[in-house]
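# Summary of structural features
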Amino acid sequence: MPRIFSGIQPSGELHIGNYLGAVKNWVALQHEHPSFFCIVNYHAITQAFTPAELRRRTREMAVSLLASGLDPARCVVFVQSEVPEHTELAWLFNPLTPVGELERQVQYKEKSAKQEQVMAGILNYPILQAADILLYHADIVPVGEDQVQHLELSRVIARNFNARFSPDAPYFPEPQPRLTPTRRIVGLDGQAKMSKSIGNTIGLLETPEQMWDKLRPAVTDPSRQRKSDPGEPERCPVIYQLHRAFSPAPVVAEVEENCRGARWGCMDCKKVLHQHMAAELTPIRERAEALQARPAEVDALLADGAARARAVAKDTIAAVRGKMGLDAAH
Ligand code: SF4
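### A word on the side chain of N41
Checked against the element boundaries, N41 lands in helix 2 (residues 41-44). Once you skip the residues sitting within four places of it in the chain, N41 turns out to touch P10, L54, T58, V79, Q80 and S81.

### Some thoughts on the site of the ligand
In the neighbourhood of the ligand, the contacting residues comprise T220, D221, R224, C236, I239, V255, C259, C266 and C269. Spatially, the ligand is embedded in the largest cavity. Those elements that place two or more of their residues in the shell around the ligand are helix 11 (249-260) and helix 12 (266-292). In terms of residue class, the shell around the ligand is made up of six nonpolar, one polar and two charged.

### As for unusual backbone geometry
With a phi close to 50 degrees, H137 is a non-glycine residue in the positive phi region. Positionally, H137 belongs in the loop between helix 7 (120-134) and strand 4 (140-143). Phi is positive for A262, close to 55 degrees, though the residue is something other than glycine. Within the secondary structure, A262 is located in the loop between helix 11 and helix 12.

### What to know about empty space enclosed by the protein
In this structure the tally under the stated criterion is two cavities of 30 Å³ or more. In terms of lining residues, the largest cavity is bounded by 13 residues, among which C236, I239, C259, C266 and C269 are the most central. At the level of elements, helix 10 (239-246), helix 11 and helix 12 are the ones that each hand at least two residues to the lining of the largest cavity. Broken down by element, the residue count for the lining of the largest cavity peaks at three residues, all from helix 12.

### Description of the pattern of salt bridges
Evaluated as defined, the whole model comprises 19 salt bridges. A salt bridge links R159 to E174, with the shortest nitrogen-to-oxygen separation between them at 2.7 Å. With R159 in helix 8 (residues 148-165) and E174 in the loop between helix 8 and strand 5 (176-179), this residue pair connects regions lying 15 residues apart in the sequence. Look at R159 and you get partly exposed, because its relative accessible area is 41%. Overall, the relative accessible area of 32% leaves E174 in the partly exposed class. When the shortest N-O distance is used, the salt bridge between R260 and E234 registers 2.9 Å.

### A short note on the environment of P142
For P142, the location among the structural elements is in strand 4. The exposure class of P142 is buried, given its relative accessible area of 3%. Measuring from C-alpha to C-alpha, the distance between P142 and G7 comes to 9.0 Å, with 135 residues separating the pair along the chain. Among all residues touching P142, those that are not within four sequence positions of it are I4, F5, S6, N25, W26, L29 and R178.

### Observations concerning the domain arrangement of the protein
Once the domains are mapped, the protein shows domain 1 (4-185 + 295-324) and domain 2 (208-289). Its C-alpha centre places domain 1 at a distance of 34 Å from the equivalent point of domain 2. When domain 1 packs against domain 2, close to 790 Å² is buried across both sides, 66% of that on carbon and sulfur atoms. Summed over the three residues of domain 1 that lose the most area to domain 2, namely I16, Y19 and A67, the buried surface amounts to 51% of that side. Applying the counting rule to domain 1 against domain 2 returns one salt bridge. Among the ionic pairs, K24 bridges to E280, the shortest N-O distance being 3.0 Å. For the interface between domain 1 and domain 2, the tally reads four residue pairs in polar contact (both at pLDDT 80 or more). When contributions to the side of domain 1 that touches domain 2 are tallied by element, the ones reaching two or more residues are helix 1 (16-29) and helix 3 (51-68).

### Side note on the packing of aromatic side chains
Counting across every chain of the model gives nine aromatic pairs. Taking the centre distance of 4.6 Å and the plane angle of 10 degrees together, the rings of W26 and F37 count as stacked. Of the two residues, W26 sits in helix 1 while F37 sits in strand 2 (residues 35-39), which places them eleven residues apart along the sequence. Geometrically, the ring pair formed by F161 and F172 is edge-to-face, given 5.0 Å between the ring centres and 65 degrees between the ring planes. With F161 in helix 8 and F172 in the loop between helix 8 and strand 5, this residue pair connects regions lying eleven residues apart in the sequence. Taken together, the ring pairs in this structure connect F93, F161, F165, Y171 and F172 into an aromatic cluster. Over the face of the ring belonging to Y125 we find K111, whose NZ or CZ atom lies 4.4 Å from the ring centre.

Reading the values: rules and limits
- Residues numbered from 1 in each chain as written.
- Predicted model: local features only at pLDDT ≥ 70, side-chain atom pairs only at ≥ 80, totals over all residues.
- Heavy atoms only, no water.
- Helix = DSSP H or I, 4+ residues; strand = E, 2+ residues; numbered from the N terminus.
- Contact = heavy atoms within 4.5 Å.
- Near = heavy atom within 4 Å.
- 1 Å grid on protein atoms, 1.4 Å probe; cavity = no way out; pocket = protein on both sides within 12 Å on 5 of 7 lines; lining within 4 Å.
- Sits in = over half its atoms within 2 Å of the grid points.
- Nonpolar A, V, L, I, M, F, W, Y, C, P; charged D, E, K, R; others polar.
- Points joined across faces, edges and corners; volume = space filled by probe spheres on them.
- Salt bridge = Lys/Arg side-chain N within 4 Å of Asp/Glu carboxyl O.
- Buried < 20%, exposed > 50% of the residue type's maximum accessible area, 1.4 Å probe, protein only.
- Domains from an automatic or database assignment.
- Buried area = accessible area lost by both parts, 1.4 Å probe.
- Polar contact = N/O pair within 3.5 Å; in protein donor to acceptor, adjacent residues only side chain to side chain.
- Phe/Tyr/Trp six-rings, centres within 6.5 Å; stacked < 30°, edge-to-face > 60°.
- Lys NZ or Arg CZ within 6 Å of the ring centre and 35° of its normal.

Here it is as structure tokens:
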């Protein structure tokens, strides 16, 4: 059965863009594949951070993931820094990674262009990502389009390792991307991708009242100045996409009909959306509140996840050390 690995930065509580673009898909995949889902806090330290904030955000992300439906009985959920083999394998991959490949990564160019002094972590980030994936021999990596290039580099590293240290029987698989079905969630401003730093998001754990306060002013099809103006759902970047994500198919069909036929005003349409969002997200918020009230349970779940991840990671590191001749002391 192909194995899955995916990671998410500890950005604190999830927003609905993260949920629809990644986590909802993970929740489905955990029923189909052996899966490892990792909160990648080693990656987070390549950007500006404070220790207290990083600790808080890591914890909030863990609660959000568990509340969203990642079930430790079905998949492995863990924090990257609890499995130090990630950084060991990343170091072992350094001699197999051409610097030119790292320098041509679009994300490296974008991130380094914004910094006065470029730190090595930004350049080496994809090596750690390759280690994350290959440590678990993952065959499939659910990713957004912006991560496809990094995954290509993971395949280059796997190929280079196999060619040099395991020529007779490839040790590492060449992991393939699986693009997430909901690829780009537009933010409430209708302009940019939903992002916490832009402030155009709805938090996954917000109350129905807070959600409504954000939905009410969200932009819609600009041609609908009055309720009697027919609209075009495809020109409604925020509300229509959220209907397609949260509302059942017959409701989406009703939205299309009533928008084009000017039978619903945008406020009517938003109220229907709000009902369906609240129906899906309220149980998640309630689970999160229950987990927040029982921190020892979250600790235990994360410790168990790290132990299960580490059991696999240790075997990989032992094999890699052996193949690279780093086991002379044993
Ligand atoms: Fe958007 Fe609904 Fe208004 Fe149509 S009726 S423009 S889909 S909010």
